[in-house]
2 protein chains.
Amino acid sequence: MEKGKYTLGIDFGTNSVRALIVDITTGEEVGTFVHEYARGKDGIIEKPGDPNFARQHPIEYIEGLSASVKGAIQAASEHPAVGNVAENIIGIGIDTTGSTPIPVDRAGQPLSFSENFKDNPNAMAWLWKDHTSFAEAAQFTEQAKSEAPDYTKYCGGTYSSEWFFSKILHLSRVAPEVFSAAASFVEHCDFMPGLLVGQTDPVKIVRGRCSAGHKAMFNAAWGGLPPQEFFSHVDRNLDGIISKLYTETYTADKKVGGLCREWAEKLGLREGIAVAAGTFDAHAGAVGAGIREGTLVKIMGTSTCDMMIVPAASLNIAIKGICGQVDGSIVPGYIGLEAGQSAVGDIYAWYRDDVRWPLENILPKTSFGQDLTAEKVAALIKESKDTVYDVLSEKGERVRPGQSGLLALDWHNGNRTILVDPNLSGLIVGLNLQTRPEEVFRALIEATAFGARVIMDRISEYGIAINDIITCGGLAEKNPYLMQIYADVTGRPIKVSRSAQTCALGVAMFGAVAAGHYAKVEEAQKEMGGLKDIVYQPNADNRAIYDRLFNLYRRLHDAFGTKDFSENHFSVMKELLEIKRQTTAA
Amino acid sequence: MEKGKYTLGIDFGTNSVRALIVDITTGEEVGTFVHEYARGKDGIIEKPGDPNFARQHPIEYIEGLSASVKGAIQAASEHPAVGNVAENIIGIGIDTTGSTPIPVDRAGQPLSFSENFKDNPNAMAWLWKDHTSFAEAAQFTEQAKSEAPDYTKYCGGTYSSEWFFSKILHLSRVAPEVFSAAASFVEHCDFMPGLLVGQTDPVKIVRGRCSAGHKAMFNAAWGGLPPQEFFSHVDRNLDGIISKLYTETYTADKKVGGLCREWAEKLGLREGIAVAAGTFDAHAGAVGAGIREGTLVKIMGTSTCDMMIVPAASLNIAIKGICGQVDGSIVPGYIGLEAGQSAVGDIYAWYRDDVRWPLENILPKTSFGQDLTAEKVAALIKESKDTVYDVLSEKGERVRPGQSGLLALDWHNGNRTILVDPNLSGLIVGLNLQTRPEEVFRALIEATAFGARVIMDRISEYGIAINDIITCGGLAEKNPYLMQIYADVTGRPIKVSRSAQTCALGVAMFGAVAAGHYAKVEEAQKEMGGLKDIVYQPNADNRAIYDRLFNLYRRLHDAFGTKDFSENHFSVMKELLEIKRQTTAA
């Protein structure tokens, strides 16, 4: 075994990029650095009046790559036990958000780097959360339903406005000059390794299995991407699109190539070190957290990703309602399952912000607050952010399960799994004249845990055992109150990943495999990963009450979220949203 | 016509008593005084650990009678245009809360005035909101359902724990010594006139039609009270109860007798002036507000009472789900209909208190608030009471109907009409990550207005036209925002009673009829009553959107509140309450 060797994991998030240098034998994280994007709002190019619009300038990725890697090397150099870290980095792994496609020119450069398109948001990266392509998404779904096989069957049965081809088709309509100038379209996660290995032929840029399988309908069942006719049936704009794309994909443990001289010099790393194929953040995070057969990894943040791996032989049908199942998208040799909840931390933050509302809107109108300047109010709002969580949690911990009489549906941002329906909304029932904020907050946490349980139940229905849960992400790190509720609701021991940077750690593991240090990523996980000491064990009494509450949650879930119960009932949330849209537009 | 003559209206509320002196020809309110009760919590004798328990010492009524009347006379004497007011008062009308029965001895005195029972709460007045008799109420309902006719048919089909016989039966079980010492049981509203006319025979105390009809199953359809066998079937404790009660009742325009010498001296009034029969506050309030055929009077406070009058000939069946329909209970010669919502202002106050929660629980933990003493926090909470309403209303007015996407059920304290079910709870649907407090508050107001509309629809189904609405009570006086929403939701012009004291004014009108000044209370209403200038007219555009939202409200109402839709669905709120009870008891 090599000692004192490192790999570099680079994790491109929505607003920033993090580089992490990890000791490949101990997993010690010896240096890290976060670079915040500089343009637009927190790095996102918005369009006034269009909440669906979200672009990112690819120059952020170039700047962020240099700044974060150099910053991490600098940080590692201050570590007492680390020698010349840059010399001893043997591999690089990269993850990004997705689907975040970038139109590129014949030299593999983003079109937004050219003089013609330099300030054109359509030529930039179409950030994952850009939803401008909803009409196109519906067309892909409709076309897929009219053909056999249904090309969306392994990605939840509904093609999303967030995904690769929806965005490309929308581009062809709103900016045909950009579309026709594009020699190819490359996911952000594939663009970065291509850049580092110096690939200038856009069609030869190596494409990752994860992005292709989850967002572009790439599947071995039909020999890769859907055939050209499928796309031409959706829109003649897409004639010839397949020739600009790819027929092969790499799992993230595979080496794309060696670091090119130009980037080796820019970053101060050795030329030729292994660069692994790119993957998505959640999938890398699952690996970094310690995913293995029988373990559900929950990456908990504003939303959640719920990830599992299943031996390919044991699953030959598509699981209904999950976001995707793709061979090799997480751990090579396994089918990667991706499910998720469209809002979790976002729901808590929404409630926290409503709780802080009076500090901004009421307090300054009282005699006590009348001398509050706008600056002081802003400072108070900022300062009270964590206090609100702390007090709600402290008081909420004293409320026993069932005692508030409250039950909520966690659909404030729609439902990703298992209903795959954005046209839903949050609900709370059981309110009375004594209901207090800490009870509402607890009910919201319980609702997200019930939502998590629905996902687990769906996976279990297909004969896949879930023995325990590993959580990671900001929420998992800081909230024993929340974690215990999750353990009690799901009835599973909940463990917490040791690393706070599981995405960057996951790709650092892939870098170590791509460099040949480990034969398989499972070996890298064993040496480089780990868990915190704490395990949240389910409490049997609480579990019994939550079983009863979950039964009621399921009843509301099915009544408002499916047509199984009644078309009449199902339509309540839809009609409210329709009225909201009409009255807001009026 | 006599000029410069007055009547006295005395309104006994839950926590205080108000006397009002009114000019019988102009309706001018020349003097008023409020006396707060002195014992227990705001006049209510509570029992630690038993939220159902609520008694009141009848001595409060004696003290309050003297203090309020003397106070009103004193206030009137300061009025520039009023001469010797006491000399010119020609009649007295009285209303009280109810059902508030008082056990009395052979001399018609409350048992709690005797040495034997002087500190015994069971010998006091059983305040309307005492719910200790829930088991007995269920027995009366069950017995009524097994007989023909159903003696509860004109009081909503369910006998309440708040009502006369439930309380008497409970008394017989928990305090048999008090029960057997009682020569009769007298409603507070009947006790007061009896006292003023010097009636010492407990069985001869005149009983009002209103209390008898609404709370004691007294109805001409079966010749008065239900027969003795009915009560004996419920419990042998009630053998002989009928002989302690009454066979005749008076409408509130009838003179019970002349003011006795003792009380004339105590109050400084002329001996022999007319004392009208007693009635309940809501019914008196409807008269004071200007109730007439085709006009719904809404008395809006913490809860609401919705009152109408219908010519007796036009209604020969019981309206399903309303609280009561009693010939002469409001205006003699008409059937008085009483319906209501169990929480309205209480729901707004609940939300206001939750909005103030952070001022108490978060602010003191910030650097800005760390020097806040407990006294300052209490002052801040008190001071911000109205500010919260003001800000929520001001911001909420800018939200157009339908625009928030929210819809609520106003069942935070159960549903009185039309479901007659306390085992329900509040619900809100349509929440998203942008939902703000002013939108929630608006949705709560809309929900109470939808609840009002359900009551109106039920009455209309029986062929009773509702042309307009007169509101009175604190909420109606102060909230144009609320009133406009009610007009838009109900599609009716909403008027506001001129007087802020409609209950006391209503009984002052009855006093004028009992004194012979007017032949009918309608004449007294015409001369003594009136409306404010403002009328809230429904806005057609808003009304159209509210029609759509009301359709959805009705769907949720029926799904959660009735078995029509599904037993499975109906049970969600019930089971949550059951779990709440079990886990709270655990």
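Just so we're clear, the structure is a prediction, and the values are computed from it rather than from any experiment.

**Some remarks on the packing of aromatic side chains**
Turning to step 1, where the next piece is worked out: Applying the stated criterion across every chain yields a total of 48 aromatic pairs over all chains.
Turning to step 2, where the next piece is worked out: The interplanar angle of 40 degrees and the centroid separation of 5.9 Å between the aromatic rings of Phe450(B) and Phe550(B) together place this pair among those described as tilted. Here Phe450(B) is found in helix α12 (residues 437-461), whereas its partner Phe550(B) is found in helix α17 (residues 540-561), with 100 residues between them in sequence.
Turning to step 3, where the next piece is worked out: Using a relative accessible area of 6% as the deciding quantity, one classes Phe550(B) as buried.
Turning to step 4, where the next piece is worked out: Taken together, the ring pairs in this structure connect Phe140(A), Tyr151(A), Tyr154(A), Tyr159(A), Trp163(A), Phe164(A), Phe165(A), Trp222(A), Phe230(A) and Phe231(A) into an aromatic cluster.
Turning to step 5, where the next piece is worked out: A cation over an aromatic ring shows up here: Lys244(A) above the ring of Phe179(A), its NZ or CZ 5.4 Å from the ring centre.

**What to know about the state of the cysteines**
All names here are of chain B.
Turning to step 1, where the next piece is worked out: The final tally for this structure, using the stated rule, is zero disulfides over all chains.
Turning to step 2, where the next piece is worked out: Cys305 carries a free sulfur, and the closest cysteine sulfur to it, the one in Cys323, is 7.2 Å from it.
Turning to step 3, where the next piece is worked out: Judged by its relative accessible area of 15%, Cys305 falls in the buried class.
Turning to step 4, where the next piece is worked out: Given a relative accessible area of 12%, Cys323 falls into the buried group.

**Details of the interface of chain A and chain B**
Turning to step 1, where the next piece is worked out: Counting residues at the interface gives 76 residues for chain A, matched by 75 residues for chain B.
Turning to step 2, where the next piece is worked out: Interface of chain A and chain B: buried area, both sides summed, is about 6600 Å²; carbon and sulfur atoms make up 67% of it.
Turning to step 3, where the next piece is worked out: It is Trp357(A), Phe368(A) and Leu433(A) that lose the most area in chain A upon contact with chain B, and together they represent 11% of the buried surface on that side.
Turning to step 4, where the next piece is worked out: Close ionic contact of Arg555(A) with Glu575(B) constitutes a salt bridge, the shortest N to O distance being 3.2 Å.
Turning to step 5, where the next piece is worked out: The set of elements that each furnish at least two residues to the side of chain A that touches chain B consists of α10 (345-361), α11 (374-396), β18 (426-431), α12 (437-461), α17 (540-561) and α18 (567-585) of chain A.
Turning to step 6, where the next piece is worked out: Take the side of chain A that touches chain B: its biggest share by element is 13 residues, from α18(A).
Turning to step 7, where the next piece is worked out: In terms of strand pairing, β18(A) meets strand β17 (residues 426-431) of chain B through five bridges, oriented antiparallel. Note that in β17(B) the partner of Gly426(A) across the bridge is Leu431(B).

**Details of the domain arrangement of chain A**
Accessible area lost upon the coming together of the parts serves often as the stated size of an interface.
Residues and elements named next belong to chain A.
Turning to step 1, where the next piece is worked out: By the assigned domains, chain A splits into domain 1 (6-291 + 500-529) and domain 2 (345-496 + 535-585).
Turning to step 2, where the next piece is worked out: Averaged C-alpha coordinates put domain 1 and domain 2 at centres separated by 32 Å.
Turning to step 3, where the next piece is worked out: Listed as interface residues are seven residues of domain 1 and, on the opposing side, four residues of domain 2.
Turning to step 4, where the next piece is worked out: Taken together, the two surfaces of domain 1 and domain 2 that pack against each other cover about 400 Å², and 66% of this comes from carbon and sulfur.
Turning to step 5, where the next piece is worked out: At the boundary of domain 1 and domain 2, one finds zero salt bridges.
Turning to step 6, where the next piece is worked out: A class-by-class count of the residues in the side of domain 1 that touches domain 2 yields two nonpolar, five polar and no charged.

**Brief notes about the pattern of salt bridges**
All names here are of chain A.
Turning to step 1, where the next piece is worked out: For the structure shown, the criterion picks out 55 salt bridges over all chains.
Turning to step 2, where the next piece is worked out: One salt bridge connects Arg554 with Asp558, and the closest N-O pair in it is separated by 3.4 Å. Placement of both Arg554 and Asp558 in helix α17 is noted, with a separation of four residues, approximately one turn of the helix.
Turning to step 3, where the next piece is worked out: Residue classification places Arg554 among the partly exposed positions, given a relative accessible area of 22%.
Turning to step 4, where the next piece is worked out: Via salt bridges that share partners, Arg39, Glu60 and Glu63 belong to a single interconnected network.

**Observations regarding the side chain of Lys495(B)**
Residues and elements named next belong to chain B.
Turning to step 1, where the next piece is worked out: Here Lys495 shows up in strand β19 (residues 494-497).
Turning to step 2, where the next piece is worked out: Given a relative accessible area of 18%, Lys495 falls into the buried group.
Turning to step 3, where the next piece is worked out: A distance of 2.6 Å separates the side chain of Lys495 from the side chain of Asp468, its partner in a polar contact.
Turning to step 4, where the next piece is worked out: Each residue touching Lys495, except ones within four places of it in the same chain, is listed here: Arg292, Asp468, Ile469, Ile470, Thr471, Leu531, Ile534 and Val535.

**Some details on the nonpolar core**
Turning to step 1, where the next piece is worked out: In terms of nonpolar packing, the biggest core is built from 166 residues, with Leu337(A), Phe560(A), Leu337(B) and Phe560(B) touching the most fellow members.
Turning to step 2, where the next piece is worked out: Every residue in contact with Phe560(B), bar those within four places of it in the chain, is listed here: Leu556(A), Phe560(A), Leu409(B), Trp411(B), Leu424(B), Leu427(B), His569(B), Phe570(B), Val572(B) and Met573(B).

**Considerations on the sheet that holds strand β16 (residues 334-341) of chain A**
All names here are of chain A.
Turning to step 1, where the next piece is worked out: Strands sit in the order β15-β16-β14-β13-β19-β20-β21 across an open sheet of seven strands; the sheet is mixed. Whereas interior strands pair on both sides, the edge strands pair on one side only; in this sheet they are β15 (324-327) and β21 (531-536). For this sheet, the mean angle separating the axes of adjacent strands, direction not counted, is 25 degrees.
Turning to step 2, where the next piece is worked out: Two strands pair when backbone bridges link them, and strand β20 (residues 494-497) and β21 are joined in this way by three bridges, in the antiparallel orientation. Bridging across to β21, Lys495 finds its partner in Val535.
Turning to step 3, where the next piece is worked out: Against the sheet, helix α9 (residues 281-289) contacts β13 (295-300), β14 (304-311), β16, β19 (468-472), β20 and β21, and its axis sits at roughly 125 degrees relative to β13.

**Concerning the environment of Val454(A)**
Turning to step 1, where the next piece is worked out: Topologically, Val454(A) is positioned in helix α12.
Turning to step 2, where the next piece is worked out: For Val454(A) and Ser566(A), which are 112 residues apart along the polypeptide, the C-alpha to C-alpha distance reads 20 Å.

**Quick look at the relation of the copies chain A and chain B**
Turning to step 1, where the next piece is worked out: Mapping chain A onto chain B calls for a screw motion: a turn of 180 degrees about the axis and a shift of 0.1 Å along it, with 0.1 Å RMSD after fitting. Here the transformation between the copies is reduced to the relation of a two-fold axis. Taking C-alpha positions as reference, the residue of chain A nearest the rotation axis is Ile428(A), located at 2.7 Å.
Turning to step 2, where the next piece is worked out: Comparing interface residues between copies, 99% of those in chain A also lie at the interface in chain B; the contact surface is shared.

**Remarks on helix α16 (residues 521-528) of chain A**
Residues and elements named next belong to chain A.
Turning to step 1, where the next piece is worked out: For α16, the complete set of buried residues consists of Val521, Ala524, Gln525 and Met528. Looking straight down α16, one finds that the buried residues subtend no more than 105 degrees of arc, so they occupy a single side.
Turning to step 2, where the next piece is worked out: Turning to α16, the residues buried within the fold contact β1 (6-12), β2 (16-23), α9 and α15 (502-514).

**Side note on the packing of α10(A) against α12(A)**
Residue and element names in this part refer to chain A.
Turning to step 1, where the next piece is worked out: It is at 10 Å that the axes of α10 and α12 come closest, and there the two elements cross at 170 degrees. Classified by the angle their axes make, α10 and α12 are roughly antiparallel. Considering the relative orientation of α10 and α12, their crossing is right-handed. Between α10 and α12, the contacting residues are Ile347, Tyr348, Trp350 and Tyr351 on the first element and Pro437, Val440, Phe441, Leu444, Ile445 and Thr448 on the second.
Turning to step 2, where the next piece is worked out: Each residue belonging to the contact of α10 with α12 can be placed in one class, and the counts come to nine nonpolar, one polar and no charged.

**Overview of the side chain of Thr417(A)**
Turning to step 1, where the next piece is worked out: If you trace the backbone, Thr417(A) turns up in the loop between β17 (407-409) and β18.
Turning to step 2, where the next piece is worked out: Of note is the side chain of Thr417(A), whose polar atom sits 3.0 Å from the backbone nitrogen of Gly340(A).

**Let's talk about α11(A)**
Turning to step 1, where the next piece is worked out: For α11(A), spanning 23 residues, the distance from its first C-alpha to its last is 31 Å, which sits close to the expected 33 Å at 1.5 Å a residue.
Turning to step 2, where the next piece is worked out: Within α11(A), the axis deviates most sharply at Ser384(A), by approximately 40 degrees.
Turning to step 3, where the next piece is worked out: Inspection of α11(A) places Val377(A), Leu380(A), Ile381(A), Ser384(A), Thr387(A), Val388(A), Val391(A), Leu392(A), Ser393(A) and Gly396(A) among the buried residues, and these make up the whole buried set.
Turning to step 4, where the next piece is worked out: Where α11(A) is buried, its residues contact α10, α12 and α14 (480-490) of chain A together with α10 (345-361) of chain B.

**What to know about the packing of helix α1 (residues 59-77) of chain B against helix α5 (residues 188-197) of chain B**
All names here are of chain B.
Turning to step 1, where the next piece is worked out: Two elements in contact, α1 and α5, have axes whose closest approach is 12 Å; the angle formed by their N-to-C orientations is 60 degrees. By the criterion of interaxial angle, the relationship of α1 to α5 is oblique. Of the two elements, α1 crosses α5, and the hand of that crossing is right-handed. Between α1, through Tyr61, Ile62 and Leu65, and α5, the contact on the second element is made entirely by His188, Phe191, Met192, Leu195 and Leu196.
Turning to step 2, where the next piece is worked out: Residues belonging to the contact of α1 with α5 are distributed by class as follows: seven nonpolar, one polar and no charged.

**A word on unusual backbone geometry**
Turning to step 1, where the next piece is worked out: In this chain, Gly98(A) is followed by Ser99(A) through a cis amide linkage whose omega measures 0 degrees.
Turning to step 2, where the next piece is worked out: Structurally, Ser99(A) is set in the loop between β6 (89-96) and β7 (101-104).
Turning to step 3, where the next piece is worked out: With an omega of 5 degrees, the peptide bond between Thr417(B) and Ile418(B) qualifies as cis.
Turning to step 4, where the next piece is worked out: Note that Ile418(B) resides in the loop between β16 (407-409) and β17.
Turning to step 5, where the next piece is worked out: At Asp42(A), a position not held by glycine, the phi torsion is positive, near 55 degrees.
Turning to step 6, where the next piece is worked out: One can find Asp42(A) in the loop between β3 (29-36) and β4 (45-47).

Conventions and cut-offs
- Residues numbered from 1 in each chain as written.
- Chains lettered and ligands numbered in written order.
- Predicted model: local features only at pLDDT ≥ 70, side-chain atom pairs only at ≥ 80, totals over all residues.
- Heavy atoms only, no water.
- Phe/Tyr/Trp six-rings, centres within 6.5 Å; stacked < 30°, edge-to-face > 60°.
- Helix = DSSP H or I, 4+ residues; strand = E, 2+ residues; numbered from the N terminus.
- Buried < 20%, exposed > 50% of the residue type's maximum accessible area, 1.4 Å probe, protein only.
- Lys NZ or Arg CZ within 6 Å of the ring centre and 35° of its normal.
- Disulfide = S-S within 2.5 Å.
- Contact = heavy atoms within 4.5 Å.
- Buried area = accessible area lost by both parts, 1.4 Å probe.
- Salt bridge = Lys/Arg side-chain N within 4 Å of Asp/Glu carboxyl O.
- Pairing = 2+ DSSP bridges.
- Domains from an automatic or database assignment.
- Nonpolar A, V, L, I, M, F, W, Y, C, P; charged D, E, K, R; others polar.
- Polar contact = N/O pair within 3.5 Å; in protein donor to acceptor, adjacent residues only side chain to side chain.
- Core = buried A, V, L, I, M, F, W, Y, C linked by side-chain atoms within 4.5 Å.
- Axes fitted to C-alpha atoms, helices over the stretch in contact; angles between N-to-C directions.
- Least-squares fit on C-alpha atoms with pLDDT ≥ 70 in both.
- Arc of directions from axis to C-beta.
- Parallel < 35°, antiparallel > 145°, perpendicular 65-115°, else oblique.
- Left-handed = near helix turned anticlockwise from the far one by under 90°.
- Expected span 1.5 Å × (residues − 1).
- Bend = angle between axes of the 7 residues up to and from the residue.

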